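Spelled out, the chains give:
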Amino acid sequence: MAILIIGKNGFVASRLASRLEGMDTLLFTSSRSRENALPLDLRHPDDFDFRRIEQNDRVLMLAAVSSPDICQNEPDYARAINVDGTSRFVDRCLERGAHVIFFSSDTVYGGGGPFGERSPCHPVGPYAGMKHEVENRFLGNAAFKTLRLSYVVSRDDKFTAYLRRCAASGEEAEIFHPLRRRAVHIDDLADAVAALCQYWNALPSAILNVAGPELLSRVEMAEVFRHLDPRLRFRTVEPGPEFFAARPQTIDMGSCYLSTLLGREPHGLREALAKELTLQDSLQ
Ligand SMILES: NC(=O)c1ccc[n+]([C@@H]2O[C@H](COP(=O)([O-])OP(=O)(O)OC[C@H]3O[C@@H](n4cnc5c(N)ncnc54)[C@H](OP(=O)(O)O)[C@@H]3O)[C@@H](O)[C@H]2O)c1
């Protein structure tokens, strides 16, 4: 069995690759790099060499236009990749007998909550609509599972990286408010994916919500960060209506299955950030 990571240069893909290393043969695709990656541009999925995919391989379908703002402002471009190319690629992987894990988003539920895996979906914005369209197309196929991710926290996610830069430079950070999520530590996501690759049937559902234990605003997240790195200064900013046209203010998404799959509770934000912000960072 091989594990194919689709979209090698992505933020989540890079960290998943280190977690999965040594577990199975790892293969990568990329639309940009040629080094150690099979070429795949989802605008032209049929150009891919599908003979590289074999029965029971695990395909981690991470590649996407992942910015809700680009999906909002360039819908045709995003749709060609996120819906048309992705659906065609997944179709052909399933035809080859592979198992596909599709990386979707908590935004498919829409705003509010609490949401569990069986809650009805009311996608907000084109990004969420595109993810939901792909899910609907394949859910029901036993070789397809969808992971609905909350905001994924690591030292390199956009928000934490911004806070780290501001803390190091002395610049005052501007924090959008209100924006509340049950952000999840990237290690929890990586462990869940590793478990699923090994034990496909350990998850008794086609849908897994991947979320942390606490519903926190970005301001509360910044406070947790500041506790660990007191150099951070920030102020609250209210974003314009166009910001919330592409994403809900609050998504309170939990999971009935994540703790069981992990064999432990997911990390709280403080634990996650403490792990991510190394001593070396705080001395910079
Ligand atoms: N990060 C989060 O908090 C979060 C939350 C909810 C859902 N998700 C979903 O999880 C997945 C991974 O997220 P991420 O944050 O790692 O995204 P990302 O950093 O934006 O990575 C996406 C990757 O997709 C690949 N890609 C882009 N255009 C492509 C094309 N035309 N053809 C083939 N590949 C293309 C690129 O990799 P190459 O340059 O190697 O081709 C790119 O690096 C995405 O599907 C995203 O929607 C993420």
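The coordinates are above.
Residues numbered from 1 in each chain as written. Predicted model: local features only at pLDDT ≥ 70, side-chain atom pairs only at ≥ 80, totals over all residues.

### What to know about the overall build of the protein chain
To keep things clear, this is the line we draw: Only DSSP runs of H or I reaching four residues or more are called helices, and only runs of E reaching two or more are called strands; each is numbered from the N terminus. Note that the radius of gyration is over C-alpha atoms, with the globule rule given as 2.2 Å times the number of residues to the power 0.38. Comment: burial labels come from other C-beta atoms within 10 Å of the residue's own C-beta, placed from the backbone, where a count of 20 or more is buried, 12 or fewer is exposed, and between is partly exposed.
Summing up its helical and strand segments, the protein chain has 11 helices and 15 strands in all. Against the compact-globule benchmark of 19 Å for 284 residues, the protein chain has a radius of gyration of 19 Å, which places it among compact chains. Projected onto its principal axes, the C-alpha coordinates of the protein chain cover approximately 55 × 40 × 35 Å. Within the protein chain, buried positions represent 41% of all 284 residues.

### A closer look at unusual backbone geometry
Geometrically, the link from Gly-113 to Pro-114 is a cis peptide bond, its omega value of 5° lying close to zero. Checked against the element boundaries, Pro-114 lands in strand β6 (residues 112-115). Along the chain, His-177 connects to Pro-178 via a cis peptide bond; the corresponding omega equals 5°. Relative to the helices and strands, Pro-178 resides in the loop between β9 (173-176) and β10 (180-181).

### Let's talk about the environment of Asp-156
For Asp-156, the location among the structural elements is in the loop between β8 (152-153) and α5 (158-169). Exposure remark for Asp-156: the 15 C-beta atoms within 10 Å place this residue in the partly exposed category. When the C-alpha atoms of Asp-156 and Leu-277 are compared, they prove to be 10.0 Å apart, with 121 residues separating the residues in sequence.

### Focus: helix α10 (residues 269-276)
Where we set the bar: Here the arc refers to the set of directions running from the helix axis out to each C-beta atom. Placing a C-beta atom from the backbone of each residue, one calls two residues in contact when those atoms lie within 7 Å.
For α10, the set of buried residues is Leu-269, Ala-272, Leu-273 and Glu-276. For α10, the angular spread of the buried residues around the axis is 90°, confining them to a single face. The inward-facing, buried residues of α10 abut β8, α5, β11 (184-185), β13 (216-217) and α7 (218-228).

### Concerning the sheet that holds strand β15 (residues 250-253)
Within a beta sheet, neighbouring strands are joined by backbone hydrogen bonds and run either parallel or antiparallel to one another. Stated precisely, the cut-off is as follows: Note on pairing: DSSP must find at least two bridges between two strands before they are called paired.
The mixed open sheet is built from 4 strands, whose spatial order is β6-β15-β10-β13. The two strands at the open ends of the sheet, each matched to only one other strand, are β6 and β13. As paired strands, β10 and β15 are joined by 2 bridges and run parallel to one another. From the neighbouring strand, Arg-181 faces β15, where its bridge partner is Ile-251.

### A short note on the site of the ligand
Put simply, the rule reads: Nearness is defined per residue: the C-beta atom, placed using the backbone, must lie within 6 Å of the molecule or strand. Three classes are used: nonpolar for Ala, Val, Leu, Ile, Met, Phe, Trp, Tyr, Cys and Pro, charged for Asp, Glu, Lys and Arg, and polar for all others, with Gly counted as polar.
The full set close to the ligand counts 25 residues, and Gly-7, Gly-10, Ser-30, Ser-31 and Ala-64 are the nearest of them. It is helix α1 (residues 11-20) that provides the largest number of residues to the shell around the ligand, a total of 3 residues. When its residues are assigned to classes, the shell around the ligand shows 13 nonpolar, 8 polar and 4 charged.

### Brief notes about the environment of Phe-159
Tracing the backbone shows Phe-159 in helix α5. Taking the C-alpha atoms as reference points, Phe-159 and Arg-218, separated by 59 residues in sequence, lie 8.6 Å from one another. What Phe-159 contacts, discounting residues up to four positions off in sequence, is Arg-218 and Met-221.

### Remarks on the nonpolar core
Formally: When buried Ala, Val, Leu, Ile, Met, Phe, Trp, Tyr and Cys residues are joined through C-beta atoms within 7 Å, the set is termed a nonpolar core.
Among the nonpolar cores identified, the biggest contains 74 residues, and Ile-6, Val-59, Leu-60, Met-61, Val-100, Leu-189 and Val-210 are the most heavily contacted of them. Among the elements that take part in this core, helix α3 (residues 75-95) stands out by supplying 6 residues, more than any other. Here Leu-60 is in contact with Ile-3, Leu-4, Ile-5, Ile-6, Leu-16, Ile-101 and Val-193, once residues within four sequence places are set aside.

### Topic: the packing of α3 against helix α4 (residues 125-138)
What counts is decided by this rule: Note on geometry: axes are lines fitted to C-alpha atoms, helical ones only across the stretch in contact, with angles between N-to-C directions running from 0 to 180 degrees. When an angle is under 35 degrees it counts as roughly parallel; over 145 it counts as roughly antiparallel; between 65 and 115 it counts as roughly perpendicular; any other value is oblique. Helix crossings get a hand from a simple test, with the near helix turned counterclockwise from the far one by less than a right angle marking a left-handed crossing and a clockwise turn marking a right-handed one.
The interhelical angle for the contact between α3 and α4, taken along N-to-C directions, is 15°, at an axis separation of 10 Å. Here α4 runs roughly parallel to α3, going by the angle between their axes. Between α3 and α4 the crossing geometry is right-handed. Seen from α3, the contacting residues are Pro-75, Ala-78, Arg-79, Asn-82, Val-83, Thr-86, Ser-87 and Val-90; seen from α4, they are Pro-126, Met-130, Glu-133, Val-134, Arg-137 and Phe-138. Considering only residue class, the contact of α3 with α4 consists of 8 nonpolar, 3 polar and 3 charged.

### Topic: the packing of α7 against α10
Relative orientation of the contacting elements α7 and α10 amounts to 50°, with a least axis distance of 10 Å. One way to sum up the angle between α7 and α10 is to call them oblique. Seen along the crossing, α7 lies across α10 with a hand that is right-handed. Residue-level inspection shows Met-221, Val-224, Phe-225 and Leu-228 of α7 in contact with α10, the latter providing Leu-269, Arg-270, Leu-273 and Ala-274. Of the residues in the contact of α7 with α10, the class split is 7 nonpolar, no polar and 1 charged.

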